[in-house]
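In case you want the letters, here they are:
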Amino acid sequence: SPLVSPQETLMGKYGEEAKLIYELQDQGGELLALRYDLTVPFARYLAMNKITNMKRYHVAKVYRRDNPATTRGRYREFYQCDFDIAGQFDPMIPDAECLKIVHEILSDLQLGDFLIKVNDRRILNGVFAICGIPESKFITTCSTVDKLDKIPWQDVKNEMVGEKGLSPEAADRIGEYVQLHGGLDLIERLLQDPKLSQNKLAKEGLGDMKLLFEYLTLFGITGKISFDLSLARGLDYYTGVIFEAVLLQQENDHVEEPVSIGSVAGGGRYDGLVGMFDPKGRKVPCVGVSIGIERIFSILEQRVEASGEKVRATETQVLVATPQKHLLTARLKLISELWDAGIKAEMFYKKDPKLLKQLQYCEDTGIPLVAIVGEQELTDGVVKLRDVATREEVKM
């Protein structure tokens with residue numbers, strides 16, 4: 001999908017986050033914007049091409065006019081990796097697969113302890129409804145609840161009352177629900193909740209959540225998954241299940257609860273988004289997940305720095321070197337043969353480099369082998385192969 005799109009393509013899809021969209025105006029006065037994520041362009045692509053069934057992944061750059069914090073992996077231009085399943089399927093089967101994939105990626109990357117929080121927009125909306133919140137305020141209340149992982153409940157309540165115009169009583173009633181988290185036991189308990197079970201939306205959401213946890217149990221991953229009612233995800237386009245993966249950090253021995261060090265993946269179900277771009281309003285149900293590549297990289301980099309281990313900046317297997325002057329042609333011939341044989345080789349871009357410099361370069365960059373061709377080697381028709389680490393040499 002293109003990097004730049006008309007502003008109206010992106011507007012009205014992200015809620016309060018829309019203020020972070022990079023808006024542009026070209027010379028012809030056309031109002032454009034840089035893509036904010038890979039989900040909205042994907043939905044537009046499905047609608048334009050009348051695709052009703054697709055499973056895909058996509059790695060590309062997105063742009064946000066945010067305050068950068070490079071140490072925490074927050075940038076204005078960064079890569080995301082998305083995985084989406086579009087199509088009409090039975091409830092929760094693709095959703096469970098998305099969560100399985102997130103679990104697999106975070107386990108394989110060995111980033112440390114993590115937790116995948118799961119909730120459902122319908123359950124949240126049901127909670128708001130029974131707490132007496134008008135439907136027009138559901139989405140703005142959602143974006144306030146979403147801050148619960150960053151700020152304490154009292155601050156969230158103050159924002160609800162002070163900025164969003166809710167009554168303190170309604171905010172307190174919401175607080176009773178959004179501070180709950182657990183697993184199947186909590187889902188069962190909420191299904192029995194006298195008020196919540198009367199709400200059609202919440203009942204649907206809880207029924208699907210129960211089904212989801214049954215599938216996740218079969219996948220054997222429920223140990224890392226928490227049904228968390230505070231999870232709201234601030235974007236407007238989510239319609240059902242929503243999830244977010246956070247890395248955990250044990251602060252010290254006295255802390256019972258692990259502390260979150262930030263979200264590395266998020267996603268959910270967005271069944272209405274494709275219909276927004278279809279002239280006839282045809283809907284294509286979709287569920288997907290987005291992995292924050294930069295955030296993961298910054299964590300891996302910090303880990304490498306702390307361990308003091310040396311990271312190779314190059315995949316080069318062999319450096320072609322010469323010990324005397326006027327041997328550039330010999331190096332070029334040999335490196336060409338190595339390249340043609342699929343061997344990763346490099347050489348100095350100098351006519352007559354000093355041998356010591358060439359060997360030092362290999363030590364600094366971690367290149368394991370040096371192929372040396374000097375006058376004697378050319379006469380004998382051999383190449384001297386030197387192991388940089390052990391300094392052993394063999395003629396070939």
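Residues numbered from 1 in each chain as written. Predicted model: local features only at pLDDT ≥ 70, side-chain atom pairs only at ≥ 80, totals over all residues. Heavy atoms only, no water.

To continue, consider helix α9 (residues 200-219). Under the 1.5 Å per step criterion, the end-to-end length of α9 is 29 Å for 20 residues, consistent within 8% with the ideal 28 Å. When α9 is considered as a whole, its buried residues turn out to be A202, G205, L206, D208, M209, L212, F213 and L216. What you see down the axis of α9 is that its buried residues fit within an arc of 165 degrees, all on one side. In α9, the exposed positions angled more than 90 degrees off the buried face are occupied by K200 and L218. Those residues of α9 hidden inside the fold are in contact with α3 (93-108), β6 (114-120), α4 (121-130), α8 (184-191), β8 (225-228) and β9 (241-249). Put simply, N199 is the residue that caps the front of α9, since its side-chain oxygen is 3.1 Å from the backbone nitrogen of L201. Looking one or two residues beyond α9, the residue adopting positive phi is G220, at roughly 75 degrees. (Helix = DSSP H or I, 4+ residues; strand = E, 2+ residues; numbered from the N terminus. Expected span 1.5 Å × (residues − 1). Buried < 20%, exposed > 50% of the residue type's maximum accessible area, 1.4 Å probe, protein only. Arc of directions from axis to C-beta. Contact = heavy atoms within 4.5 Å. Polar contact = N/O pair within 3.5 Å; in protein donor to acceptor, adjacent residues only side chain to side chain.)

Before going further, it helps to spend a moment on the packing of α4 against α9. For the pair α4 and α9, the least separation of the axes is 7 Å and the interaxial angle reads 145 degrees. Note that α4 runs across α9; the crossing there is left-handed. On α9, the residues that touch R122, I123, N125 and G126 of α4 are L201, A202, E204, G205, L206, D208 and M209. (Axes fitted to C-alpha atoms, helices over the stretch in contact; angles between N-to-C directions. Left-handed = near helix turned anticlockwise from the far one by under 90°.)

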